[in-house]
Amino acid sequence: MRTARTIFSGSEFVEAPLLKAIARSAGVHLFAEDMDIYEANERFLSLHVRNGGVKKVHLPRKTTVIDVFNRKLIARDTDMFTVDAPLHSSWLFYFGEDAEELLGKL
């Protein structure tokens, strides 16, 4: 389809590794390689943990990261951070140059 790529699957269920491979080939930023649930926009990233343990998160750019729910600084000037996340926990991270300012308001 001209400059678009079309992928057809006759399956009613597409496994996550295949979806990740398709996203990666399309140039989509992947925040992590694990099979947990991530949702993001330009400044916020939520994580819902399916499998507990240390999570390695890759950001699209170097910036400051805060843990919103726990009101703490995670890292400064980084494009990757880790968090030890218990099974079935949920996290909300904010990343941006104004992260520490937001932290002061929480």
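A brief structural summary. Everything numeric in this text was worked out from a predicted model, so none of it was measured. (Residues numbered from 1 in each chain as written. Predicted model: local features only at pLDDT ≥ 70, side-chain atom pairs only at ≥ 80, totals over all residues. Heavy atoms only, no water.)

## Description of the layout of surface pockets
Any empty space left between the atoms is revealed when a probe the size of a water molecule rolls over them.
Move 1: Approximately 300 Å³ is the volume found for the largest pocket.
Move 2: Looking at the largest pocket, it is lined by 16 residues, and the ones nearest its centre are Lys-20, Leu-30, Asp-36, Ile-37 and Tyr-38.
Move 3: Elements represented by at least two residues in the lining of the largest pocket include exactly helix H1 (16-25) and strand S1 (37-40).
Move 4: Here the lining of the largest pocket gets four residues from one element, more than from any other, and that element is S1.
Move 5: Grouping the constituent residues of the lining of the largest pocket by class yields 10 nonpolar, one polar and five charged. (1 Å grid on protein atoms, 1.4 Å probe; cavity = no way out; pocket = protein on both sides within 12 Å on 5 of 7 lines; lining within 4 Å. Points joined across faces, edges and corners; volume = space filled by probe spheres on them. Helix = DSSP H or I, 4+ residues; strand = E, 2+ residues; numbered from the N terminus. Nonpolar A, V, L, I, M, F, W, Y, C, P; charged D, E, K, R; others polar.)

## Some points on the sheet that holds strand S2 (residues 44-48)
Move 1: The strand order across the open sheet formed by five strands is S1-S2-S5-S3-S4, and the pairing between neighbours is antiparallel. Whereas interior strands pair on both sides, the edge strands pair on one side only; in this sheet they are S1 and strand S4 (72-85). Direction aside, the axes of adjacent strands within the sheet are offset by 20° on average.
Move 2: Across three bridges, strand S3 (residues 53-67) lies against strand S5 (residues 90-95) in antiparallel orientation. (Pairing = 2+ DSSP bridges. Axes fitted to C-alpha atoms, helices over the stretch in contact; angles between N-to-C directions.)

## Describing the packing of aromatic side chains
One pair of aromatic rings is described through two measures. These are the centre distance and the angle between the planes.
Move 1: In this structure the tally under the stated criterion is four aromatic pairs.
Move 2: Look at Phe-81 and Phe-93: their rings are 4.9 Å apart centre to centre, the planes differ by 65°, and that puts the pair in the edge-to-face class. With a gap of 12 residues between them, Phe-81 in strand S4 and Phe-93 in strand S5 connect regions that are remote in the sequence.
Move 3: Take Phe-93: its relative accessible area is 1%, and that puts it in the buried class.
Move 4: Grouping aromatic residues by their ring pairs yields a cluster made of Phe-81, Trp-91 and Phe-93. (Phe/Tyr/Trp six-rings, centres within 6.5 Å; stacked < 30°, edge-to-face > 60°. Buried < 20%, exposed > 50% of the residue type's maximum accessible area, 1.4 Å probe, protein only.)

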